[in-house]
Amino acid sequence: AASCFVSIGVSCCAHRNALGYISGDGVFLERLCECAVEEAPFKDEDSLNSAIKINLNRPIKEICTELKTIEKQKMILLSGKIITARDAAHKKWHALIAGGKPLPQYLFDYPVFYAGPSTTPPGKICGSIGPTTAQRMDFYCGELFSRGLSLLTIAKGKRGTAFYEAAQKWGAVYLCAIGGTAALISEKNILSAEIIDYPELEMEAVRLLEVKNLPVFIS
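Residues numbered from 1 in each chain as written. Predicted model: local features only at pLDDT ≥ 70, side-chain atom pairs only at ≥ 80, totals over all residues. Heavy atoms only, no water.

A. Geometry of the overall build of the chain. Regarding its fold elements, the chain presents 7 helices and 9 strands. Split into buried and exposed, the 219 residues of the chain put 41% on the buried side. For the chain, the proportion of contacts with a sequence separation of at least 24, taken over those separated by at least 6, is 63%. (Helix = DSSP H or I, 4+ residues; strand = E, 2+ residues; numbered from the N terminus. Buried < 20%, exposed > 50% of the residue type's maximum accessible area, 1.4 Å probe, protein only. Contact = heavy atoms within 4.5 Å.)

B. Highlighting the pairing of strand β3 (residues 52-55). Pairing of β3 with strand β4 (residues 75-84), which is carried by 4 bridges, proceeds in the parallel orientation. Bridge pairing in β4 places Asn 55 opposite Ser 79. After leaving β3, the chain enters helix α2 (residues 60-67) and then returns to the sheet as β4, a path that is right-handed. (Pairing = 2+ DSSP bridges. Right-handed = clockwise from strand over helix to strand, strands pointing away.)

C. Here's a closer look at the pattern of salt bridges. If you walk through the whole model with that rule in mind, you get 7 salt bridges. Between Arg 58 and Glu 66 there is a salt bridge, with its nearest N and O atoms 2.4 Å apart. Residue Glu 66 is classed as partly exposed on the basis of its relative accessible area of 28%. Taking the shortest distance from any N to any O, the salt bridge between Arg 159 and Asp 138 comes out at 2.7 Å. Here Asp 138 lies in helix α5 (residues 138-145) and Arg 159 lies in the loop between β6 (152-155) and α6 (161-170), a separation of 21 residues in the sequence. Side by side, Arg 159 and Asp 138 carry an identical accessibility label, which is buried. Connected through shared salt-bridge partners, Arg 58, Glu 62 and Glu 66 make up one network. (Salt bridge = Lys/Arg side-chain N within 4 Å of Asp/Glu carboxyl O.)

D. The side chain of Glu 204, seen in detail. Note on placement: Glu 204 falls in the loop between β8 (190-197) and β9 (206-218). Of the polar contacts made by the side chain of Glu 204, one reaches the backbone nitrogen of Asp 87; its length is 3.3 Å. Polar contacts involving the side chain of Glu 204 include one to the main-chain amide nitrogen of Ala 88, which spans 2.9 Å. In contact with Glu 204, other than residues within four places in its own chain, are Arg 86, Asp 87, Ala 88 and Ala 89. (Polar contact = N/O pair within 3.5 Å; in protein donor to acceptor, adjacent residues only side chain to side chain.)

E. Broad picture of the environment of Lys 53. In this structure, Lys 53 sits in strand β3. You can call Lys 53 exposed: its relative accessible area is 59%. Every residue in contact with Lys 53, bar those within four places of it in the chain, is listed here: Leu 77 and Asn 213.

F. Molecular detail of the packing of aromatic side chains. Counted under the stated rule, the structure contains 6 aromatic pairs. Geometrically, the ring pair formed by Trp 93 and Tyr 106 is tilted, given 6.2 Å between the ring centres and 55 degrees between the ring planes. Of this pair, Trp 93 sits in helix α3 (residues 87-98) while Tyr 106 sits in helix α4 (residues 106-109); the two residues are 13 residues apart in sequence, bridging distant segments of the chain. For the residue pair Trp 93 and Tyr 106, the accessibility class agrees, reading buried in each case. (Phe/Tyr/Trp six-rings, centres within 6.5 Å; stacked < 30°, edge-to-face > 60°.)

G. Focus on the side chain of Arg 86. Within the element layout of this structure, Arg 86 appears in the loop between β4 and α3. Take Arg 86: its relative accessible area is 18%, and that puts it in the buried class. Polar contacts involving the side chain of Arg 86 include one to the side chain of Thr 132, which spans 3.4 Å. Residues within four places of Arg 86 in sequence aside, it is in contact with Tyr 114, Ala 115, Gly 116, Thr 132, Arg 136, Met 137, Met 203 and Glu 204.

H. Region of the structure containing the packing of α3 against α5. Between α3 and α5, the least distance of the axes is 10 Å, while the angle of their chain directions is 45 degrees. The orientation of α3 with respect to α5, classified from their angle, is oblique. Judged by the sense of rotation from one axis to the other, the crossing of α3 with α5 is left-handed. Facing α3, whose interface residues are Asp 87, His 90, Lys 91, Trp 93, His 94 and Ile 97, α5 presents Phe 139, Tyr 140, Glu 143 and Leu 144. (Axes fitted to C-alpha atoms, helices over the stretch in contact; angles between N-to-C directions. Parallel < 35°, antiparallel > 145°, perpendicular 65-115°, else oblique. Left-handed = near helix turned anticlockwise from the far one by under 90°.)

No statement about biological role is implied by the geometric values presented.
Quick look at the structure:
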């Protein structure tokens, strides 16, 4: 395997794709992804200066009401407290619901950022931390939204029909963060980070972050 000049790696389903083939004559690209790539709202310093600043340190429903008045793709800068959670934490919450047990208060109090940081380097607040693909958590959203939980989520990529139907029914909002900027987010936008639940999940433990001017946009 080490002598093979082609490597195939597991990638994120939010990435753009290309179709190609390899033969004895070489490597050939047949077709690029046909998905339309929407124009990014983060282009220059003027975009930052004109961004809408949102204070997260208030009731989630109040934040969602304000966000619903903002046009799609408008740049937003978030400041305040959020929690991080990925697949493993969502499975824990699903098990609590299935067992008829109470859910953590932090799901009522804070937006949920689908993310998990890398190991924190010496002298740093947090390791690199960027959004993971949102659609993997769609399965859990209906049961959370219906209980008034996790009504504001932050991640990357498109979501499925089930998510949008549940969001519309229960008044939830989805914000897109920028993929591929994890080191920059850690350096520029994270003021504090601490594990508050499920430490055994390590990278996927639930963390409470305080962020400043975290750039996102309305999906």
